[in-house]
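Structural overview
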Amino acid sequence: MKLFNGKVLFLDRSDINTDEIIPAKYLTEISRDSLTPYLLEDLNLKEFNPVSDIKGKQVIVTRSNFGCGSSREHAPWALEVNGINLVVGESFARIFRQNMFNCGMMAVELPADTIEDLFTAFAGLETTAQTNFDAGTITFTAENQTKTVSFTISGFDSDLVTAGGWVAFADTNY
Amino acid sequence: MRKTIAQKIFDAHRVAKPDKDTHVVQLDAVFCHEITTPPAIVDLEQRGKDRVFDPSRIKVVIDHVSPAKDSKTALQGKILRTWARRHGISDFFDIGANGVCHALFPEKGFVRPGYTVIMGDSHTCTHGAFGAFAAGVGTTDLEVGILKGVCAFKSPETIRINITGSLPGGVFAKDVILSVIGRIGVDGATNKVIEFAGPVVDAMDMESRMTMCNMAIEAGGTCGICAPDRTTVDYLWPFIKKEFDSPEQALETYLRFTPDEDAVYDAIIEHDISNLEPMVTFGYKPDNVKPVSEMEGTPVDQIYIGSCTNGRISDLRAAAKVLAGNQISDSVRAIVSPATPSVYSQALEEGIIKIFMDAGFCVTNPTCGACLGMSSGVLADGEVCAATTNRNFNGRMGKGGMVHLMSPATAAATAIAGTIVNSPLYTE
Ligand code: SF4
């Protein structure tokens with residue numbers, strides 16, 4: 001099972017699409033590792049610098065409808081090869097969300113006001129997230145403040161995370 | 001009773017329910033192209049599971065970059081080609097026989113009412129025009145589909161959109177779907193199936209229905225679906241006549257996949273298009289939609305007519321009607337990509353290709369190419385394209401490029417004017 005802990009990257013915008021996460025021109029790459037330098041290269045967000053801002057981050061916190069657009073699994077892969085296994089947001093595009101769990105990664109949905117609280121409390125600060133998968137909680141810590149939020153994922157999603165993805169799960173069960 | 005089309009299809013295909021909201025369904029068809037399938041093939045090989053569940057249910061095409069533009073795209077084609085041969089997949093469409101997947105596969109009769117279809121491509125929702133549940137998926141879902149012939153979906157909650165009124169002249173299915181997306185927003189149907197219904201949809205031909213369903217994903221929809229009817233049967237008849245005694249009998253069988261009158265919907269939206277004007281997008285999201293009349297005079301650099309949304313013969317006919325006897329403006333260049341070889345040859349036969357060429361268009365072979373900014377018409381930084389495609393994301397057709405989505409008639413008129421303008425087919 002993957003780990004869902006680490007430094008947090010805040011992306012304060014809704015509707016971040018898959019072309020922004022990984023532009024189509026890199027879809028000719030066959031290996032996942034070759035996507036590493038291009039994550040969020042075309043993200044349309046003020047003061048965001050893909051080169052310096054992504055480095056060392058393992059968790060993304062964002063707004064609604066993250067991952068809309070194309071079905072490309074290159075989007076979760078580009079996150080994965082950069083060490084990011086967890087995206088927390090208000091909502092996700094269906095295919096992106098499914099791709100995340102299919103890869104044994106997590107796209108966690110939280111209510112809009114909880115997301116707002118996280119942005120208010122932590123955006124701009126060096127923040128760390130610590131996930132307790134069994135308890136269904138994520139603890140955010142920065143300077144001297146801490147906040148723990150609870151999340152639920154379906155039984156099936158949780159099985160995919162534990163199995164390490166859909167291929168392994170389907171192969172055992174169907 | 002009380003079931004929507006998608007629920008009925010799920011009932012007929014369910015193999016497991018791993019939790020109360022998840023349905024694992026048997027697949028009738030798995031479609032593959034050269035961008036998202038090779039990583040699945042390589043992963044299956046690495047896992048020692050290089051198998052396919054049923055070669056006759058897997059349909060394969062090279063379409064996104066065709067012919068290959070460099071060594072990397074050549075390798076993608078090679079991996080797909082050798083895999084299809086190795087597994088005896090006979091429905092493989094290589095360079096020459098290939099076309100844009102969501103235009104080619106329906107044309108070959110590969111989709112039937114009640115089918116479940118997946119493809120590693122978000123616009124797979126197009127095939128819902130036939131009363132099928134067709135969904136775009138990622139590579140892992142595709143990989144499991146290839147290996148096991150199943151896919152998992154959440155319960156298919158459905159939004160029904162009744163399109164009412166009557167289509168004004170020069171207003172097309174593309175304008176209707178843009179107006180729907182403008183109304184419900186880019187996530188208006190996330191995790192939901194959209195049933196397109198009502199008198200306007202009933203009166204549409206299959207190509208218009210495909211244009212509608214094609215863009216369901218731009219509102220976040222899992223699938224767009226039109227109930228099968230006589231129009232569906234007539235389109236499919238050449239492919240199904242061995243299975244049925246008569247079109248009436250086929251229709252009776254397929255009516256099983258129409259929604260119950262008391263079907264339970266997540267929402268029912270009445271969308272009256274009696275006063276609809278031709279529409280165009282203005283921003284970087286497909287729900288940034290305005291009437292063309294409010295965007296008139298906006299200069300463009302390139303016109304692109306093609307794609308799985310609007311690269312079919314009826315689209316080329318509409319554009320040619322506007323172009324006939326005219327020249328494109330000196331300030332633009334224009335490209336048309338007939339979506340499939342048969343669209344291309346039909347257009348040749350009807351003199352449509354000549355009209356495009358005489359007007360100053362570049363005619364390319366069938367390919368996605370420019371639509372996703374990979375080849376055959378990529379934009380330079382700061383350039384603007386009037387396109388009949390489905391996605392106007394920032395950089396979609398080339399880094400720093402801007403895309404305005406519109407119908408083929410509007411695109412043709414814009415090519416002549418050099419700026420966005422209503423076509424003369426639109427008479428208010
Ligand atoms: S034409 Fe464009 S939208 Fe359609 S399948 Fe090809 S790349 Fe995708």
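Residues numbered from 1 in each chain as written. Chains lettered and ligands numbered in written order. Predicted model: local features only at pLDDT ≥ 70, side-chain atom pairs only at ≥ 80, totals over all residues. Heavy atoms only, no water.

Comments concerning the pattern of salt bridges
This is how it is decided: Counted as salt bridges are all cases of a side-chain nitrogen of Lys or Arg within 4 Å of a carboxyl oxygen of Asp or Glu. Strands are runs of DSSP state E lasting at least 2 residues, helices are runs of H or I lasting at least 4, and numbering of each runs from the N terminus. Each residue is assigned to one of three classes by its accessible area relative to the maximum for its type, calculated with a 1.4 Å probe on protein chains only: buried under 20%, partly exposed between the two thresholds, exposed over 50%.
The final tally for this structure, using the stated rule, is 38 salt bridges over all chains. Put simply, D19 of chain A and R396 of chain B hold a salt bridge, and the shortest N to O gap is 3.8 Å. Taken together, the positions of D19 of chain A in helix α1 (residues 18-21) and R396 of chain B in the loop between β18 (384-387) and β19 (402-405) put the pair across two chains. Residue D19 of chain A shares its accessibility class with R396 of chain B, and that shared class is buried. Between E383 of chain B and R333 of chain B there is a salt bridge; the shortest N-O distance is 2.8 Å. Placement of the pair is E383 of chain B in the loop between β17 (361-363) and β18 and R333 of chain B in strand β16 (residues 333-336), with a sequence separation of 50 residues. Owing to a relative accessible area of 32%, R333 of chain B belongs among the partly exposed residues under this scheme. Put simply, K25, E41 and D42 of chain A together with K399 of chain B are held in one network by salt bridges that share partners.

Observations regarding the sheet that holds strand β5 (residues 92-93) of chain B
Strand-to-strand pairing in sheets goes through backbone hydrogen bonds, with the strands running parallel or antiparallel. Residues and elements named next belong to chain B. For clarity, the threshold we go by: Pairing between two strands requires that DSSP report at least two bridges joining them.
Taken in spatial order, the five strands make up an open sheet running β5-β4-β3-β6-β7, and their pairing is parallel. Each edge of the open sheet carries a strand with a single partner, namely β5 and β7 (133-136). Sheet topology places strand β3 (residues 29-33) next to strand β6 (residues 116-119); three bridges connect them, and they run parallel. The residue of β6 that forms the bridge with A29 is V117.

Let's talk about the layout of surface pockets
For clarity, the threshold we go by: Only protein atoms enter the 1 Å grid used here, on which a cavity is any set of points holding a 1.4 Å probe that cannot leave and a pocket is any open set flanked by protein within 12 Å on both sides along at least five of seven lines; residues with an atom within 4 Å of a point are listed as lining. Grid points are joined across faces, edges and corners, and a volume is the space filled by probe spheres set on the points. Residues are grouped as follows: Ala, Val, Leu, Ile, Met, Phe, Trp, Tyr, Cys and Pro are nonpolar; Asp, Glu, Lys and Arg are charged; every other residue, Gly included, is polar.
Taken as a whole, the largest pocket holds about 260 Å³ of empty space. As for the largest pocket, its lining consists of 13 residues, and the residues nearest its centre are R97 and E109 of chain A together with D21, K154 and N191 of chain B. Breaking the lining of the largest pocket down by element, the ones donating at least two residues are α4 (94-102) of chain A together with β8 (150-154) of chain B. Among the residues making up the lining of the largest pocket, the classes are represented as two nonpolar, four polar and seven charged. Taken as a whole, the second largest pocket spans an internal volume of roughly 220 Å³. Lining the second largest pocket we find 18 residues, and of these F172, A173, D205, S208 and S314 of chain B sit closest to its centre. Of the residues in the lining of the second largest pocket, the class split is eight nonpolar, five polar and five charged.

Overview of the site of the ligand
Residues and elements named next belong to chain B. What counts is decided by this rule: Think of it this way: one heavy atom of a residue within 4 Å of a molecule or strand is enough to make that residue near it. Cavity and pocket membership follows a simple rule, namely that a molecule belongs there if more than half of its atoms are within 2 Å of the grid points.
Near the ligand there are 13 residues, and of these H123, C308, C368, C371 and N390 occur at the shortest range. The site holding the ligand turns out to be the largest cavity. When contributions to the shell around the ligand are tallied by element, the ones reaching two or more residues are α4 (101-107) and α11 (307-310). Tallied by class, the residues present in the shell around the ligand amount to six nonpolar, five polar and two charged.

Observations regarding the domain arrangement of chain B
All names here are of chain B. Rule in force here: Domain start and end points were adopted from an automatic or database domain assignment. Any two residues whose heavy atoms approach within 4.5 Å are treated as being in contact. When two parts are put together, the accessible area they lose, computed with a 1.4 Å probe and summed over both, is reported as buried area. Whenever a nitrogen or oxygen atom comes within 3.5 Å of another N or O atom, the pair is scored as a polar contact, on the condition that within protein one atom can donate a hydrogen and the other can accept it, and that pairs from neighbouring residues in sequence are kept only if both atoms are in side chains.
Domain assignment breaks chain B into domain 1 (5-154), domain 2 (158-272) and domain 3 (282-417). On the domain 2 side, the residues contacting the 26 residues of domain 1 number 30 residues. Counting the surface lost from both domain 1 and domain 2, the interface buries some 2,400 Å², and carbon and sulfur atoms represent 67% of this. Across the salt bridge formed by R112 and E243, the nearest N and O atoms sit 3.1 Å from each other. In this structure, the connection of domain 1 to domain 2 is made through eight residue pairs in polar contact (both at pLDDT 80 or more). Of all elements in the fold, only α1 (5-13), α4 and β7 reach the threshold of two or more residues within the side of domain 1 that touches domain 2. By residue number, the principal contributor to the side of domain 1 that touches domain 2 is α1, which donates five residues. Of the residues that constitute the side of domain 1 that touches domain 2, the class distribution is 14 nonpolar, eight polar and four charged.

A closer look at the environment of A380 of chain B
Residues and elements named next belong to chain B. Following the sequence through the fold, A380 ends up in the loop between β17 and β18. By relative accessible area, A380 is classed as partly exposed at 38%. For the pair A380 and W237, spaced 143 residues apart in sequence, the C-alpha separation works out to 45 Å. Beyond its immediate chain neighbours, meaning those up to four positions away, A380 contacts K399, G400 and G401.

Things to note about the environment of I153 of chain A
All names here are of chain A. Counting through the fold element by element, I153 comes out in the loop between β7 (145-150) and α6 (155-163). Distance in space between the C-alpha atoms of I153 and V108 is 7.3 Å, their sequence separation being 45 residues. Apart from the residues lying within four places of it in its own chain, the contact partners of I153 are F101, M106, F133 and S158.

Overview of the interface of chain B and chain A
Between chain B and chain A, the contact holds 52 residues from the first and 41 residues from the second. Carbon and sulfur atoms make up 56% of the surface buried where chain B meets chain A, a total of about 3,800 Å² over both sides. The three residues of chain B that bury the most area against chain A are T140, F393 and K399 of chain B, which together make up 13% of that side's buried surface. Across the contact surface, chain B and chain A share seven salt bridges. Scanning the region where chain B abuts chain A turns up 22 residue pairs in polar contact (both at pLDDT 80 or more). Per element, the largest residue contribution to the side of chain B that touches chain A is seven residues, and it comes from helix α5 (residues 139-148) of chain B.

Things to note about the sheet that holds strand β12 (residues 267-272) of chain B
Residue and element names in this part refer to chain B. Heads up, the rule is: Note on method: axes are straight lines fitted to C-alpha atoms, helices fitted across the in-contact stretch only, with angles between N-to-C directions ranging 0 to 180 degrees.
Pairing within the open sheet is parallel, and its four strands lie in the order β11-β10-β9-β12. A single partner strand is all that each edge strand has here, and the edge strands are β11 (223-226) and β12. Recorded for the sheet is a direction-independent mean angle of 25° between the axes of neighbouring strands. Here five bridges tie strand β9 (residues 158-164) to strand β10 (residues 193-197), and the two strands are oriented parallel to one another. Pairing of N162 across the sheet is with A197, part of β10. With respect to the sheet, α1 is in contact with β9, β10 and β11, its orientation differing from that of β11 by roughly 100°. Across the sheet, helix α6 (residues 173-184) lies against β9, β10 and β12, angled at about 130° from β12, the strand it touches most.

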